[in-house]
Amino acid sequence: MNELPQQLVNGLLLGSMYGLVAIGYTMVYGIVQLINFAHGEIFMTGAFGALTVYMYILPDGTSMAIALPLMLVGAVMVSVTVAVGAERFAYRPLRNAPRLAPLITAIGLSLALQQAVWAWYPEAKSARVFPQIDGGPFEVGNVTIQTGDVFLLIAAPISMAILGYFVMKTRTGRGMQATAQDPDTAKLMGVNTDRIIVIAFALGATFAAIGGVAYGLKYGQISFTMGFLLGLKAFTAAVLGGIGNIYGAMIGGIVLGIAETLATAYIADIPGMGQFGSNAWADVWAFVLLILVLLLRPQGLLGERVADRA
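Reading the values: rules and limits
Residues numbered from 1 in each chain as written. Predicted model: local features only at pLDDT ≥ 70, side-chain atom pairs only at ≥ 80, totals over all residues. Heavy atoms only, no water. Helix = DSSP H or I, 4+ residues; strand = E, 2+ residues; numbered from the N terminus. Buried < 20%, exposed > 50% of the residue type's maximum accessible area, 1.4 Å probe, protein only. Contact = heavy atoms within 4.5 Å. Areas by Shrake-Rupley, 256 points an atom, 1.4 Å probe, with all protein chains shown as cover. Lys, Arg positive; Asp, Glu negative; His and termini not counted. Charge placed at Lys NZ, Arg CZ, Asp CG, Glu CD. 1 Å grid on protein atoms, 1.4 Å probe; cavity = no way out; pocket = protein on both sides within 12 Å on 5 of 7 lines; lining within 4 Å. Points joined across faces, edges and corners; volume = space filled by probe spheres on them. Nonpolar A, V, L, I, M, F, W, Y, C, P; charged D, E, K, R; others polar. Phe/Tyr/Trp six-rings, centres within 6.5 Å; stacked < 30°, edge-to-face > 60°. Lys NZ or Arg CZ within 6 Å of the ring centre and 35° of its normal. Patch = residues over 30% accessible without salt bridge, like charges linked within 9 Å, V, L, I, M, F, W, Y side chains within 5 Å. Salt bridge = Lys/Arg side-chain N within 4 Å of Asp/Glu carboxyl O.

K.L.:
Looking at this structure, I do not really get the overall build of the protein chain. What am I missing?
P.N.:
A tally of regular secondary structure across the protein chain gives 11 helices and four strands. Principal axes of the C-alpha set define a box for the protein chain whose edges measure 60 × 55 × 35 Å. Considering the protein chain as a whole, with its 310 residues, one finds that 49% of them fall into the buried category. Expressed as a percentage of contacts within the protein chain between residues at least 6 apart in sequence, the contacts between residues at least 24 apart total 77%. Summed over all atoms, the accessible surface of the protein chain reaches about 14800 Å², with 66% contributed by carbon and sulfur. Of the charged side chains in the protein chain, 16 are positive and 16 negative, and the gap between their average positions amounts to 13 Å.

This is how it looks when you write it as structure tokens:
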């Protein structure tokens, strides 16, 4: 029990990263009802965009205080470019097609992005080292916070606050809400739904890029396959929180991260469950939680926010 505060903080940090990526899933699904399974790879391309800036644009020996903001800008630019390009050339032509068509396209795009990054970074077949922030770790009572987690600890709440203000207080944000509720009526009221959809993809990609940088700082390495499993977990977080619910995506991510961390830490202490408490089972317990939530509360923790367009 003395480790519980540390495990809760670890779960909070992990869940915040899941939540940042889950926002992209839930925003796109809430507006166009598309499960963008390539979103995990958009997260991955953001991380490699940041690494590209550090390796090929910045001079050697650049301080991380200067490099990190520029890496973040590079990550966002790459992720947003990929996401907007995917919407324009892969998803928009299929907008009125049966739902299976864009779903298969998303899976194909996911594989294509993996191979594109592998071709650009042949060394990415093995994990690439990600630049780290000097200093730390930091002790807060009985809790230790690693230096790489400080960025996530700051970026996640700031990102959510900015997104909440944007969606609730700006004209574009209200247009997003109207499009999510009824796109045909929104179009009749003068809302440019194509522009709104592009903005939704761009915003989701921005948060995914922030998550990609946070991943590299947290684990110290990135690879071209890193987006697949984390993307699945982020989608799980979106479903947990209530698909289409922006705040639910972050809450679902935090719940998932804490559950995964606590399960890994304490399942092994239960008599007869020692073999199920290893890190190899962490992913299993995440999806066990999803199954339980779907059985007990199918609409998610905060409820879905998706209009019935039948």
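Picking up where we left off.
K.L.:
It is not clear to me how the layout of surface pockets should be interpreted in this structure. Could you clarify?
P.N.:
One simple way to see leftover space: roll a probe sized like a water molecule over the atoms. There is about 380 Å³ of room inside the second largest pocket. Leu14, Tyr18, Tyr215, Tyr219 and Glu260 are, among the 17 residues lining the second largest pocket, the residues nearest its centre. Elements supplying a minimum of two residues to the lining of the second largest pocket: helix 1 (4–32), helix 5 (147–169), helix 8 (193–219) and helix 9 (226–241). Considered class by class, the residues forming the lining of the second largest pocket number eight nonpolar, four polar and five charged.

K.L.:
Can you walk me through the packing of aromatic side chains in this structure?
P.N.:
For any pair of aromatic rings, the description consists of the separation of the ring centres together with the inter-plane angle of the planes. Applying the stated criterion across every chain, the model contains five aromatic pairs. For the pair phenylalanine 43 and tyrosine 215, a centre-to-centre distance of 5.8 Å together with 90° between the ring planes defines the contact as edge-to-face. Remark: tyrosine 215 occurs in helix 8 and phenylalanine 43 occurs in helix 2 (residues 39–57); sequence separation between them is 172 residues. An aromatic cluster is built from Tyr25, Phe37 and Phe235, whose rings are joined through pairwise contacts. We note arginine 88 situated over the ring of phenylalanine 89; from NZ or CZ to the ring centre the distance is 5.6 Å. For lysine 218, the ring lying beneath its charged end belongs to tyrosine 219, and the centroid distance is 5.7 Å.

K.L.:
What is the right way to look at a nonpolar patch on the surface in this model?
P.N.:
On the surface, a nonpolar cluster with roughly 470 Å² of combined accessible area is contributed by Met168, Tyr247, Ile251, Val255, Leu301 and Leu302. Broken down by element, the nonpolar patch gets its largest block of residues, three residues, from helix 10 (residues 246–266). When you line up the elements, valine 255 lands in helix 10. Relative accessible area serves as the criterion here: at 33%, valine 255 is assigned to the partly exposed category.

K.L.:
Help me understand the side chain of serine 159 in this model?
P.N.:
Turning to its location among the elements, serine 159 is positioned in helix 5. Residue classification places serine 159 among the buried residues on the basis of a relative accessible area of 9%. If we skip the residues at most four places from it in the chain, serine 159 touches Leu20, Phe207 and Ile210.

K.L.:
What's the story with the environment of valine 84 in this structure? I'm lost.
P.N.:
Mapped onto the secondary structure, valine 84 falls in helix 3 (residues 64–91). On the accessibility criterion, valine 84 (27% relative accessible area) is partly exposed. In this structure valine 84 touches Val198 and Ala202, once residues within four positions along its chain are discounted.

K.L.:
It is not clear to me how empty space enclosed by the protein should be interpreted in this structure. Could you clarify?
P.N.:
Applying the stated criterion across every chain yields a total of one cavity of 30 Å³ or more. By volume, the largest cavity is sized at about 40 Å³. Gly24, Val28, Asn36, His39, Ile42, Ala83, Phe201, Gly204 and Ala205 together form the lining of the largest cavity. Of all the secondary structure elements, the ones that give two or more residues to the lining of the largest cavity are helix 1, helix 2 and helix 8. At three residues, the largest contribution of residues to the lining of the largest cavity is made by helix 8. In terms of residue class, the lining of the largest cavity is made up of five nonpolar, four polar and no charged.

K.L.:
Where do I start with a positive patch on the surface in this structure?
P.N.:
On the surface, a cluster of positive charge is contributed by Lys169, Arg171, Arg174 and Arg195. Mapped onto the fold, arginine 195 is located in helix 8.

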